[in-house]
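# Working through the structure, step by step
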Number of protein chains: 2
Amino acid sequence: MKQTTFALKGTICYSQSQNQIGVYPDSYLVCENGLCAGIFSELPEAYHGIPVRDTEDSLIIPGLTDLHIHAPQYSFRSVGMDMELLQWLDNIAFPEEAKFSDLEYARKSYSIFVNDVKRSATTRLSAFGTLHVKATELLMDLMEETGLKAYIGKVNMDRNGPDILQEKSARDSALDTIAWIEEVQDKYKNVRPILTPRFTPSCTDELMKELGRIQKQYHLPVQSHLSENLSEISWVKELCPNTAFYGEAYDQFGLFGGEGCPTIMAHCVHCPDEELALIKKRGVYIAHCSQSNTNLASGIAPVRRYLEAGVKIGLGSDIAGGFSVSMLRVMADSIQTSKLYWRLKDNAAKPLTLEEVFYMATVGGGSFFGKVGSFEKGYEFDAVILSDRNLPYPQEFTPLQRLERLVYLSDDRNITGKYVAGTRIF
Amino acid sequence: MKQTTFALKGTICYSQSQNQIGVYPDSYLVCENGLCAGIFSELPEAYHGIPVRDTEDSLIIPGLTDLHIHAPQYSFRSVGMDMELLQWLDNIAFPEEAKFSDLEYARKSYSIFVNDVKRSATTRLSAFGTLHVKATELLMDLMEETGLKAYIGKVNMDRNGPDILQEKSARDSALDTIAWIEEVQDKYKNVRPILTPRFTPSCTDELMKELGRIQKQYHLPVQSHLSENLSEISWVKELCPNTAFYGEAYDQFGLFGGEGCPTIMAHCVHCPDEELALIKKRGVYIAHCSQSNTNLASGIAPVRRYLEAGVKIGLGSDIAGGFSVSMLRVMADSIQTSKLYWRLKDNAAKPLTLEEVFYMATVGGGSFFGKVGSFEKGYEFDAVILSDRNLPYPQEFTPLQRLERLVYLSDDRNITGKYVAGTRIF
């Protein structure tokens, strides 16, 4: 029994299937060498004497994974919300991201982001940086220190941006990307690079070809945006007349999942059937970003359809299309919009349940990082302690009712502890 | 110049029309005898020497009005959210409300509610109690102490409820209501009674007749629910075969606005044209409860249509169909659902803007209480101080951008001061 063995005591909840949350009141969750070793109502003899953190009947849940977030957009989240996607990009997001050529500005902005995401219930994330290599490396440095596990991408964009936020050529973008990968690929314990073509309208075919080659050479995962907004989709159709649907614009360059190319595509609000079939075939992860899709008036993604199709799906905050970094809030938002989808669009698409969004936020997104998002034996020990002490109530609630309250009512004050791969964050 | 004259200093924002928020940076908002006396960049000589509370560049906005909230449901907000309206009433809301026959339970539950609403940005509210006279009086006592101004209603319900939450007869319900009115009508400075038939399915025609008589005798305002949910609307059609639409079920008993009968109808998600016409003719207030309509999968109210029709409309949290008592959050929710309505239902119905929801939350709902919701001269001095100091940012934001951030990001920590009719709450 090594020194890295310890236990958390509290009411333990984790997904045992997409439709069931297992609940273990007043139990011990044991960590050994960074992995989950089991849940026990009494500590077995082999564990007598290990350190125990008694959370005093707080809830203990698996860490939450944010599959899609733009780190440089955090400090201007919730500004300009009365705009649609393309207008918001031109007026708010692009001018702001351009400021990250200034490393001092980047440090101020990223420090705010990193501080807040550290205190949140998020243990793993896949984040966009900006096109700037130095600022992206700074973000990786800052994120490494938090102890959270993150994929972080230097963004590629060589067309249709403003002069202040565009790479000079596909070749320049590719060279910068290679230099960046060489610099960071073995530098960190917690942080890893991910290829990040912004989205098809921002990347020439030439750049996409380069990125396809880089992907094959360095075996990096990929993240981008897919079928978010109707105007964007029409634009992609014009830009890529040779493709039958948006997903093919990535797939033709080997940037859409498949063997050796784990891929996250954010949004998928308006996927035609062929696109969904390819997503499934290639094992692409969908990052469902309900709040962002609402804020930018993109629509509501048909999540019930995706769950029934059995595709890989997790949740994303999509800061700053979304404004909240809280993955608990993202869960609540996902339930809410699924109800409106059911009521307004398709009354065969049953609303999402608490169990389903909890699954997507834990196992669903976590599996992009390996054995993550569960307390089954052998999973990485990512855990979050949720206290509801500042939310008093006069009646009795079951653990699942308490969890439901925290999904809807919690803020950073309710996140009282966090562990990533066995390391205590706070 | 009396001792009740004082000023707040900060960045002052209030609605000057439905589409414009006036902004006065670094200015003084003067209160005289509980009323707004003016906004000044420098204090005029007549006011030299009055006490000034310097908010250090916080935003100062009019107090917010919550036009629809169920006080006894607060302590179980966000529990059972995976249900629709009628199922949720039977399984969660009704059994919980039944507990308010026990005054000790009522005190525990209402204390939690009153404490939280006091710390919120809400200065005025119109609340449902339960059918219990004693518990409703207790709620009124507790609310009176907060200094907030509130209409509070003992609920009437004599049919279709569970045995544990139903009045024995229309006559009993009426007698209880009269006894309650006699007890409370002159008792308070801040709190006033409002007639509160729960909704048509809960009230026999006989009871409605009695309430119509009571309304005429005591000149009380009225609050109830209207056209919230499709199943509810079909049910009302069955219960009231003599009516052409739901609103007539109230109107036939004189409980639907008009001279001497100020009325709030919550929801109005699915109003036919004739109903909207009657709402306008009778001057009925619509309490738009976006979050609740989402949570209970009722749908999205066509607010753009109501604004264009020029009907009276304010916002409501509808605790516990809604789970958040924050009227700032209610504003954000209203913008969000209006975007989905526009995208999914009617692309002629432009999404609501920040200016419009701010207007509805201040002047819109406030006008139910008189000259309330504005800082124009002569309005009651209801003011809220909003600090964004715990939401740091590296860039410059305009006052309206700061307001937008607070609408989306604030919680109780950002509400650092509140005044109602000139009285400092904190």
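Reading the values: the criteria
- Residues numbered from 1 in each chain as written.
- Chains lettered and ligands numbered in written order.
- Predicted model: local features only at pLDDT ≥ 70, side-chain atom pairs only at ≥ 80, totals over all residues.
- Heavy atoms only, no water.
- UniProt positions renumbered as here; feature names shortened; annotations may be inferred.
- Least-squares fit on C-alpha atoms with pLDDT ≥ 70 in both.
- Contact = heavy atoms within 4.5 Å.
- Core = buried A, V, L, I, M, F, W, Y, C linked by side-chain atoms within 4.5 Å.
- Buried < 20%, exposed > 50% of the residue type's maximum accessible area, 1.4 Å probe, protein only.
- Axes fitted to C-alpha atoms, helices over the stretch in contact; angles between N-to-C directions.
- Helix = DSSP H or I, 4+ residues; strand = E, 2+ residues; numbered from the N terminus.
- Parallel < 35°, antiparallel > 145°, perpendicular 65-115°, else oblique.
- Nonpolar A, V, L, I, M, F, W, Y, C, P; charged D, E, K, R; others polar.
- pLDDT = per-residue confidence, 0-100.
- Phe/Tyr/Trp six-rings, centres within 6.5 Å; stacked < 30°, edge-to-face > 60°.

- Labelled according to an unreviewed UniProt entry, chain A appears under the name Amidohydrolase family protein, originating from Candidatus Blautia faecigallinarum.
- Under Cofactor (unreviewed entry), UniProt gives the following word-for-word description of chain A: "Zn(2+)".

### Topic: the relation of the copies chain A and chain B
- The operation relating chain A to chain B is a screw motion whose rotation component is 180°, with 0.0 Å of axial translation and a residual RMSD of 0.0 Å. In symmetry terms, the pair is related by a two-fold rotation axis. Using C-alpha coordinates, one finds that chain A approaches the rotation axis most closely at L344 of chain A, a distance of 3.5 Å.
- The fraction of interface residues of chain A whose copies in chain B are also interface residues reaches 100%, indicating that both copies meet through the same surface.

### Notes on the nonpolar core
- Core analysis: the biggest nonpolar cluster contains 237 residues, and F113 and M143 of chain A together with F113 and M143 of chain B have the highest contact counts within it.
- If we skip the residues at most four places from it in the chain, F113 of chain B touches I69, A71, Y74, L125, L139 and M143 of chain B.
- Core analysis: the second largest hydrophobic core is formed by 15 residues, I39, F375, F381 and I385 of chain A among them.

### Structural notes on the packing of helix α11 (residues 327–344) of chain B against helix α13 (residues 399–409) of chain B
All names here are of chain B.
- For the pair α11 and α13, the least separation of the axes is 7 Å and the interaxial angle reads 90°. With respect to α13, the axis of α11 lies roughly perpendicular. On the side of α11, the interface is formed by L328, R329, M331, A332, I335 and K339, while α13 contributes L406, V407 and Y408.
- Class assignment for the residues of the contact of α11 with α13 results in seven nonpolar, no polar and two charged.

### A short note on unusual backbone geometry
- Cis geometry marks the peptide bond from I319 of chain A to A320 of chain A, where omega comes out at 0°.
- Relative to the assigned elements, A320 of chain A resides in the loop between β14 (312–315) and α11 (327–344).
- Positioned with a positive phi, N33 of chain A is a non-glycine residue whose angle comes to about 50°.
- Residue placement: N33 of chain A occurs in the loop between β2 (20–32) and β3 (35–40).
- Judged by its relative accessible area of 46%, N33 of chain A falls in the partly exposed class.
- Of note, the phi angle at H219 of chain B is positive, near 55°, even though the residue is not glycine.
- Take H219 of chain B: it is sitting in the loop between α5 (205–218) and β11 (222–226).

### Here we look at the confidence of the model for chain A
- Averaged over every residue, the pLDDT of chain A is 97; the share at 70 or more is 99%.
- Interface confidence for the predicted complex, given as ipTM, is 0.97, next to a pTM of 0.98.

### Brief notes about α13 of chain B
Residues and elements named next belong to chain B.
- In terms of burial, α13 is largely enclosed, as eight of its 11 residues are buried.
- Residues R402, L403, E404, R405, L406, V407, Y408 and L409 constitute the buried set of α13.
- Contact partners of the buried residues in α13: β1 (6–17), β2 (20–32), β4 (52–62), α11, α12 (354–366) and β15 (383–386).

### Section: the packing of aromatic side chains
Residues and elements named next belong to chain B.
- Under the defined criterion, the tally for this structure stands at 36 aromatic pairs over all chains.
- Taking 5.3 Å as the distance between ring centres and 75° as the angle between the ring planes, the aromatic pair formed by F6 and F381 counts as edge-to-face. In this pair, F6 sits in strand β1 while F381 sits in the loop between α12 and β15, placing the two residues 375 residues apart along the sequence.
- Note on F6: relative accessible area 12%, which makes it buried.
- A ring pair is formed by F100 and Y110, whose centres lie 4.9 Å apart and whose planes are at 55°; its orientation type is tilted.

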